[in-house]
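Take a look at the letters that make up each chain.
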Amino acid sequence: MFVSIFFFQTGKIEICDKKIDLAIILDASASIHEDTFNLAKCFAKTLLRRFTISPDSTRVSIVSYSQKINVQSRFSDDQDERKLEDILSNTFYEALSTSTGKTLQVVNFEVFSTESGSRIGNPGK
């Protein structure tokens, strides 16, 4: 599902309250500069504020990767916006080699799984 976030001329920021499983994946490898990594973290925090985060609305998983893949939160974890922002704040730039392909496999087969709380295949849940 593709979700657009609009900022209307009224200045009101729309909040999405749909049932979405949102995976935030951060590249913490030397493939990007540390400043870019920090911008990505800021963007991710801003993105979180545009959704109603709860077990019945948007669920969030956060994954960072470099040489190692770190699944820092799963869809089945406590879905609290403040805790998710803290996870993002405490995600560090590792500046090691990158494992993008392996990370995408982990996200596809482990993060987006019913065992990790994903609603994929059961969207009404």
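Scroll up a little and you will see the structure.
We now turn to the structure provided with this report. (Residues numbered from 1 in each chain as written. Predicted model: local features only at pLDDT ≥ 70, side-chain atom pairs only at ≥ 80, totals over all residues. Heavy atoms only, no water.)

### Focus: the environment of R59
For R59, the location among the structural elements is in strand β2 (residues 58-65). Each C-alpha atom, one on R59 and one on A23, is 8.5 Å from the other, the two residues being 36 residues apart in sequence. (Helix = DSSP H or I, 4+ residues; strand = E, 2+ residues; numbered from the N terminus.)

### Description of the pairing of strand β1 (residues 20-27)
Where burial is concerned, most of β1 is hidden: 6 out of the 8 residues are buried. On the question of chirality, the crossover connecting β1 to the parallel β2 by way of helix α1 (residues 34-48) is right-handed. (Buried < 20%, exposed > 50% of the residue type's maximum accessible area, 1.4 Å probe, protein only. Right-handed = clockwise from strand over helix to strand, strands pointing away.)

### Structural notes on the packing of aromatic side chains
Inspection of the entire model under this criterion finds 2 aromatic pairs. Seen in terms of ring centroids, F37 and Y93 are 5.7 Å apart; in terms of plane orientation they differ by 45°. Their pairing is tilted. Here F37 is found in helix α1, whereas its partner Y93 is found in the loop between α2 (81-89) and α3 (100-111), with 56 residues between them in sequence. The class of F37 is buried, set by a relative accessible area of 1%. Among the residues examined, Y93 registers a relative accessible area of 23% and is labelled partly exposed. (Phe/Tyr/Trp six-rings, centres within 6.5 Å; stacked < 30°, edge-to-face > 60°.)

### Digging into the packing of α1 against α2
Put simply, α1 and α2 touch, their axes get as near as 10 Å, and they point 175° apart. Relative to α2, the element α1 lies roughly antiparallel. Two secondary-structure elements touch here, α1 through K41, A44, K45 and L48 and α2 through E81, L84, E85, L88 and S89. Each residue belonging to the contact of α1 with α2 can be placed in one class, and the counts come to 4 nonpolar, 1 polar and 4 charged. (Axes fitted to C-alpha atoms, helices over the stretch in contact; angles between N-to-C directions. Parallel < 35°, antiparallel > 145°, perpendicular 65-115°, else oblique. Contact = heavy atoms within 4.5 Å. Nonpolar A, V, L, I, M, F, W, Y, C, P; charged D, E, K, R; others polar.)

### Remarks on the sheet that holds strand β3 (residues 69-73)
Here we have 3 strands laid out as an open sheet, ordered β1-β2-β3, and mixed in their pairing. Each end of this open sheet is capped by a strand with a single partner; those strands are β1 and β3. Pairwise comparison of adjacent strand axes, ignoring direction, gives a mean angle of 20° for this sheet. Bridge count for β1 against β2 is 8 bridges, and the pairing is parallel. Following the sheet pairing, I20 is matched in β2 by T58. (Pairing = 2+ DSSP bridges.)

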